[in-house]
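# Observations on chain architecture
Here is what each chain is made of, one letter per residue.
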Amino acid sequence: MAHRYSVESFDTTMRDITGNKKPFGGKIVILGGDFRQVLRLKKNMRALGDTSYSDFLMRVGNGNEPFVANDMIKIPDDMVIPWTGEDSMSQLMDATFPDLENNSEDQGYLLNRALIPPLNEHVDKLNDRVVSMFPGQEHTYYSFDSVEDDFQNLYLQEQLNGIAPGGLPPHELKLKLGALIMLLRNVSAKNGLCNGTRRIIKKFFPNCIDAVILSGNSAGKRVFLHRMPMSPPENLEMPFKMIRKQFPVRMCFSFTINKAQGQTIQNTGMYLPEHVFNHGQLYVGISRGVSSNNTKVLIKKGNAVDKVGTFTKNVVYKEVLTSS
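Quick look at the structure, then.

Definitions and cut-offs
Residues numbered from 1 in each chain as written. Predicted model: local features only at pLDDT ≥ 70, side-chain atom pairs only at ≥ 80, totals over all residues. Heavy atoms only, no water. Helix = DSSP H or I, 4+ residues; strand = E, 2+ residues; numbered from the N terminus. Buried < 20%, exposed > 50% of the residue type's maximum accessible area, 1.4 Å probe, protein only. Contact = heavy atoms within 4.5 Å. Areas by Shrake-Rupley, 256 points an atom, 1.4 Å probe, with all protein chains shown as cover. Lys, Arg positive; Asp, Glu negative; His and termini not counted. Charge placed at Lys NZ, Arg CZ, Asp CG, Glu CD. 1 Å grid on protein atoms, 1.4 Å probe; cavity = no way out; pocket = protein on both sides within 12 Å on 5 of 7 lines; lining within 4 Å. Points joined across faces, edges and corners; volume = space filled by probe spheres on them. Nonpolar A, V, L, I, M, F, W, Y, C, P; charged D, E, K, R; others polar. Arc of directions from axis to C-beta. Pairing = 2+ DSSP bridges. Axes fitted to C-alpha atoms, helices over the stretch in contact; angles between N-to-C directions. Expected span 1.5 Å × (residues − 1).

### Some words on the overall build of the protein chain
A tally of helices and strands in the protein chain yields 9 helices and 15 strands. In terms of overall dimensions, the protein chain has a C-alpha envelope of 65 × 55 × 40 Å along the principal axes. Taken across its 324 residues, the protein chain has 45% of its residues classed as buried. Considering only contacts within the protein chain whose residues lie at least 6 apart along the sequence, 64% involve residues at least 24 apart. Of the accessible surface of the protein chain, which amounts to about 17600 Å², a share of 51% is contributed by carbon and sulfur atoms. Placing the 38 positive and 33 negative side-chain charges of the protein chain at their respective mean positions leaves the two points 7 Å apart.

### Focus on the layout of surface pockets
Estimated volume of the second largest pocket: approximately 200 Å³. Around the second largest pocket sit Asp124, Asn127, Asp128, Pro170, Glu172, Leu173, Lys174, Arg250 and Met251, which together line it. Looking at the lining of the second largest pocket, the elements that each hand over two or more residues are α6 (120-133), β5 (172-176) and β12 (249-251). Residues that form the lining of the second largest pocket fall into these classes: 3 nonpolar, 1 polar and 5 charged.

### Quick notes on helix α4 (residues 87-96)
For α4, the full list of buried residues reads Ser88, Met89, Leu92, Met93 and Thr96. Projected down its long axis, α4 carries its buried residues within an arc of 140 degrees, all on one side. Where the residues of α4 are buried, they touch β2 (113-116), α6, β13 (267-272) and β14 (295-299).

### Describing the sheet that holds β14
Strand order in this open sheet of 3 strands is β2-β13-β14, and the pairing throughout is parallel. The open sheet is flanked by β2 and β14, the only strands paired with a single partner. Geometrically, the sheet is characterised by an average inter-axis angle of 10 degrees between neighbouring strands, direction not taken into account. Pairing of β2 with β13 involves 4 bridges; the strand directions are parallel. In the strand pairing of β13, isoleucine 116 is matched with methionine 270.

### Some thoughts on the pairing of strand β11 (residues 242-246)
Here β11 shows a buried face lined by Met242, Arg244 and Gln246 and an unburied face lined by Ile243 and Lys245. Direction of pairing for strand β4 (residues 144-147) relative to β11: antiparallel, over a ladder of 4 bridges. Looking at the pairing, valine 147 lines up with methionine 242 of β11. Where strand β10 (residues 228-230) lies against β11, 3 bridges are found, and the strand directions are antiparallel. In the strand pairing of β11, proline 229 is matched with lysine 245.

### Considerations on the side chain of serine 104
Here serine 104 shows up in the loop between α4 and α5 (107-111). Those residues in contact with serine 104 that sit more than four places away from it in its chain are Leu110, Phe134, Pro135 and Gly178.

### So, the pairing of strand β6 (residues 180-183)
A two-sided burial pattern is seen for β6, the buried positions comprising Leu180 and Met182 on one face and Ile181 and Leu183 on the other. Bridge analysis of β6 against strand β7 (residues 198-204) gives 3 bridges, and the strand direction is antiparallel. Following the sheet pairing, methionine 182 is matched in β7 by arginine 198. Note: β6 against β12, 3 bridges, orientation antiparallel. Residue pairing across strands places methionine 182 opposite arginine 250, the latter belonging to β12.

### Here we look at helix α1 (residues 4-18)
Across its 15 residues, α1 extends 21 Å between first and last C-alpha, which sits within 8% of the 21 Å expected from 1.5 Å per residue. Of the residues flanking the end of α1, it is glycine 19, one or two places downstream, whose phi is positive at about 75 degrees.

As C-alpha cells, this is what we get:
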C-alpha cells in the first residue's frame, strides 16, 4: 500500500514534465493491486475447492449479501464461535492459537496466526491475554511521556502515562522472548524497518531490543530497535501535543482490521465486540484467511430478532465500487 502523497507527487511531476494539466500529464498509468483483492482471493479459494467461501466473500465485498433486520448479514455457521460469555474468548484463542505453549518456538506457526478486532483497545486486551499464555518470563519497558512546550509542568506523568492513543505503543510495553512484535513506524526502509512488518524478539537490553525480521525482502535479518520520540496522529483531537519516548513496537498476536489489510493469514480469529463501522472492514477482516475452516468469527452482539444464526453489520458504500 502506498501513501497518497506518493501518488500525488508522481501526478504533479508528470504534469510538470509534459506541460499537460490532465491527470498524470495525460499519460496512461497502471496502478498494481486490487483494492478489494478480489482476484487473488477468488483464485486461491477456488484452487482449494472452497468456492462457497470465495462466493460469500465476493458478496460481502460488493455489498450484495442479503440483509436481515437492522442491516445485518448472516455469518456462515461453520465460521462462527457462538457468544456464550467470556468463555467464548478462550474458545477463539484456542481455535486461532492451538497448543500455543508447545509451538511457541515455531516461527511459521506464529506468523500464520492472528486475532483481528476493529479497535486498538480490543487489540491491547487480546494481546495481553495471549502474552499471558505464552511461555517465558515477561519483560516490561516503560515510556517517558511529555508535552511539547510544557515549561511549567502542567501535565503530570501519571496522566500522560494513562493515555493510549491509536498508533502509539503503550506506556507499559509487556514483551516476552520469542514473541511476535510489529513495528509502528517507518524507521529505515533500506534495512526492512517499515511500519507493519513483523519480527520475533531474540534478546532484551536496557536500551534496545534484538529482533529478527520474519517477512519481506529483509526476512531473516537481525535488527536492533531503540526508543524513539513519537506523537499521536495529527487527526487525533488533543488539546496538547504529546510526545511518548518508547520502543516503536507492540505485540502482534492481535492487530486491527485496518492493520491487517493486504496480508494473508492462514489462521484468522476475528473478534467483534462491536459491529464494524467503516466501509469494507468486514470484508477485509474475514478475507485474511484462506478458507472458512481456518477463519473463525466471534460476535458479541450477533443476535437478530426472530432470526436463527449469528449476524453482524456489513458497511459497504457501493458508490465507491463503481467507476465514475
